[in-house]
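# Inside the fold
Chain by chain, the residues:
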Amino acid sequence: MSAPASPAARATRRRRPPWWLCTAGAVAVAIAAVASLGGFADTPARRLPVIAEGGTHVGGQLETTVERIYLAPTRPGTDYDSSDDTEFLVVEARVENTTALPSTFVDRLVRVIAGNAVVETDRPAVIEARTGQALSFAQPGLPVTAQFAWEVDRGALEIGDTVFVGFFEQFPIYGDPVFGDDAFGAPTPTARTEGTIGEAPARSTVGDGSAL
Amino acid sequence: MSRLTRALATVALLAAGGVAIATAPTDDTIVAPFVERGEVGEPIESRLATVLVDEVSVARELDLSYAEGALFGAPVPDTRSAGVWVVVSLDVTATYRGIDLGSSEVRIDGVRYRASTVLPDPDLQSFAFDPGVTVRGSIAFELPASAVRSPAASRAELVFLPRAVPSLDSVPTVRVDLRALPVDDVAEVEGARAVDPAEGAGG
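Once a new chain begins, its residue numbering starts again from 1 and follows that chain's sequence as written. Each chain is given a letter, starting from A, and each ligand a number, starting from 1, according to the order in which they appear as written. At least 70 in pLDDT is required for a residue's local features to be given in this predicted model, at least 80 for side-chain atom pairs to be given and counted, and no such filter applies to totals for whole chains, interfaces and linings, which use all residues. Computation of side-chain values covers all heavy atoms of the structure but excludes hydrogens and water.

### Structural notes on the overall build of chain A
Helix and strand counts for chain A come out as two helices and 11 strands. By the criteria applied, helices consist of DSSP H or I runs no shorter than four residues and strands consist of E runs no shorter than two, each listed in order from the N terminus. When the helices and strands of chain A are placed in sequence order, the string is α-α-β-β-β-β-β-β-β-β-β-β-β. Burial classification: accessible surface area is computed with a 1.4 Å probe over protein chains only, and a residue below 20% of its type maximum counts as buried, one above 50% as exposed, and the rest as partly exposed. Every one of the 212 residues in chain A was classed for burial, and the buried ones make up 38%. The contact criterion used throughout is that any non-hydrogen atoms of two residues lie within 4.5 Å. Summarising the internal contacts of chain A: among those between residues at least 6 apart in sequence, 70% fall at separations of at least 24. If you sum the accessible surface of chain A, you get close to 12300 Å²; carbon and sulfur atoms cover 57% of it. The protein chains shown are the only cover counted for residues, whose accessible areas, like all others here, come from Shrake-Rupley with a 1.4 Å probe.

What follows is the structure, encoded as structure tokens:
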């Protein structure tokens, strides 16, 4: 038979709050924390910031300025005609990588909505205007003219039509099991601009025009 | 054990944990590649390839005449640069399987410049390296002109990454003084071709 508890021990046991009170307190704290952060209500949709026509989108990796939008009968980077039924919507932009690493984000940098001809999920071909080749990355500190091209039905778009251009960003993820601190999350739209389809340049900018 | 002793022990353990966390290597450090350093004209052996840099030049435009006949009438890429080209001529011998030098870099003061994809076939980046066969060719890097004029360019590094993710792999690296090199109007680019290892700079 154990010895009776001392008066001090009995007093301590009396002062300890019951388990249900601790649990209720913890739940109350959690609810207060969630409520202070906005609760479980859906975050209201926000309109993307609008960049004035000809303005520069300053992203975390790339600075992008849309310079012109036009319809081209040939695929940018080539002199090959498209099929009789299609042509190319081209968004030409100056892109500069402001980081210390080559950026491969150029292929996800821009999406457009152009009537029913191009929707935001349509991926463009990305071509460097100077070389006429696919642009796979942007070199740090070296501006490049990129042509984002979508093949559209001929006649679906006309000169003067409005094109909505969305700029995307990707944000770093730290401690990725494969890429460490060099990983990025899914692309996110961060700004938009509007442009008008204008006259195509006299000749697509492909190479220096000679052939070996 | 007194309450004070327990408190001191807890603080000591927390402090030790903090020191351990603060001094722990980062993920990048843990999987960092092993740098195999060498000089221009000196073969550098790594796990996947042996690399010998023959020459480094700087120019505003590339001479791609090596591709004559290989473009099948396609236009020559315009290589007039708003910056400069760093052209590296080298011999590469894969050790035991194919490699991909497309992720190779010039590094200046922590900034990493990737090899350009502008070179037409046959170039080193698209070449199928068979183990044991020495291949000669060029890799071109396009950089801002300010980068090669900066003081840090005197300690530029050519880093030949044999695969895109070189974690824990050995990587041939050559230090060059880009600032000391003249900026030519045009730099000749060598098309990739298999050579006898005893030939020229590689021999």
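### Things to note about the sheet that holds strand β6 (residues 125-128) of chain A
Residue and element names in this part refer to chain A. Only strands that DSSP links by at least two bridges are regarded as paired with each other. Reading across the sheet, the five strands line up as β2-β3-β4-β7-β6 and stay open at both edges, with antiparallel pairing between neighbours. Among the strands making up the open sheet, the edge pair consists of β2 (56-58) and β6. The sheet shows a mean angle of 30° between the axes of neighbouring strands, direction not considered. Note: strand β4 (residues 86-97) against strand β7 (residues 144-153), 10 bridges, orientation antiparallel. The residue bridging Thr-86 from the neighbouring strand is Asp-153, located in β7. Axes here mean lines fitted to C-alpha atoms, for a helix over just the part in contact, with angles spanning 0 to 180 degrees between N-to-C directions.

### Comments concerning the sheet that holds strand β11 (residues 188-196) of chain A
Residues and elements named next belong to chain A. Taken together, four strands build an open sheet; the order of strands is β1-β11-β8-β5 and the sheet is mixed. Pairing within the sheet leaves two strands with one partner each, and these edge strands are β1 (50-51) and β5 (110-113). Of the pairings in the sheet, the one linking β5 to strand β8 (residues 162-169) comprises four bridges and is antiparallel in character. Among the inter-strand pairings, Ile-113 is bridged to a residue of β8, identified as Phe-164.

### A look at the interface of chain A and chain B
Taken together, the contact between chain A and chain B spans 25 residues of the former and 31 residues of the latter. Two parts placed together each lose some accessible area under a 1.4 Å probe, and adding up what both lose gives the buried area. With both chains or domains summed, chain A and chain B bury close to 2300 Å², and 57% of this area falls on carbon and sulfur atoms. Between Arg-130 of chain A and Glu-142 of chain B there is a salt bridge, with the nearest N and O atoms lying 2.8 Å from each other. We define a polar contact as two N or O atoms separated by no more than 3.5 Å, with the added condition that, inside protein, one atom must be a possible hydrogen donor and the other a possible acceptor, whereas residues neighbouring each other in sequence contribute only through side-chain atom pairs. Viewed at the interface, chain B and chain A are joined by seven residue pairs in polar contact (both at pLDDT 80 or more). When residue character is reported, Ala, Val, Leu, Ile, Met, Phe, Trp, Tyr, Cys and Pro are called nonpolar, Asp, Glu, Lys and Arg charged, and the others, Gly included, polar. When its residues are assigned to classes, the side of chain A that touches chain B shows 11 nonpolar, 10 polar and four charged. For this document, the term salt bridge refers to a Lys or Arg side-chain nitrogen within 4 Å of an Asp or Glu carboxyl oxygen.

### Topic: the pairing of strand β6 (residues 111-114) of chain B
All names here are of chain B. The alternating pattern of β6 places Val-111 and Tyr-113 on a buried face, while none of Arg-112 and Arg-114, on the opposite face, is buried. One ladder, built from four bridges, connects strand β5 (residues 105-108) with β6; its direction is antiparallel. Residue pairing for β6: Arg-107 is matched across the bridge by Arg-112. The turn joining β5 and β6, which pair antiparallel and follow one another in sequence, is formed by two residues; a positive phi near 55° is taken by Asp-109.

### A short note on the side chain of Ser-46 of chain B
All names here are of chain B. Its place among the elements puts Ser-46 in the loop between β2 (44-45) and β3 (49-63). The buried category is assigned to Ser-46, whose relative accessible area is 13%. Here Ala-49 takes part through its backbone oxygen, which lies 2.6 Å from a polar atom of the side chain of Ser-46. Setting aside its immediate chain neighbours within four residues, Ser-46 contacts Glu-36, Thr-95, Ser-170, Val-171 and Pro-172.

### Structural notes on the nonpolar core
Residues and elements named next belong to chain B. Put simply, a nonpolar core is a bunch of buried Ala, Val, Leu, Ile, Met, Phe, Trp, Tyr and Cys residues held in one set by side-chain atoms that sit within 4.5 Å of each other. The biggest cluster of nonpolar side chains holds 37 residues, and the ones touching the most others in it are Ile-108, Leu-143, Phe-160 and Leu-178. When residues of this core are traced back to their parent elements, those giving at least two are β3, β4 (84-94), β5, β6, β7 (134-143), α3 (145-149), β8 (156-159) and β9 (170-176). Among the elements that line this core, the one with the most residues is β4, at six residues.

### Structural notes on the pattern of salt bridges
Residues and elements named next belong to chain B. Counted under the stated rule, the structure contains 15 salt bridges over all chains. One salt bridge connects Asp-169 with Arg-47, and the closest N-O pair in it is separated by 2.8 Å. Of the two residues, Asp-169 sits in the loop between β8 and β9 while Arg-47 sits in the loop between β2 and β3, which places them 122 residues apart along the sequence. Classification of Asp-169 as buried rests on a relative accessible area of 1%. With a closest N to O distance of 3.2 Å, Arg-112 and Glu-105 form a salt bridge.

### Structural notes on the confidence of the model for chain B
Every residue gets a pLDDT, meaning the predictor's confidence in that residue, from 0 to 100. In the predicted model, chain B carries a mean pLDDT of 90, and the fraction of residues at 70 or more is 94%. Here the prediction assigns the complex a pTM of 0.83, and the interface score ipTM is 0.85.

### Some remarks on the environment of Ser-83 of chain A
Residues and elements named next belong to chain A. With respect to the element layout, Ser-83 can be found in the loop between β3 (62-72) and β4. For Ser-83, a relative accessible area of 40% translates into the label partly exposed. C-alpha separation for the pair Ser-83 and Arg-154, spaced 71 residues apart in sequence, amounts to 9.2 Å.

### Brief notes about the pairing of β4 of chain B
All names here are of chain B. Burial analysis of β4 places 11 of its 11 residues in the buried class, which makes it a mostly covered element. In β4, alternate side chains face the same way, and those of Val-84, Val-86, Val-88, Leu-90, Val-92 and Ala-94 on one face and Trp-85, Val-87, Ser-89, Asp-91 and Thr-93 on the other are all buried. In this sheet, β7 lies alongside β4 in antiparallel orientation, the contact comprising 10 bridges. Residue pairing for β7: Val-92 is matched across the bridge by Val-135.

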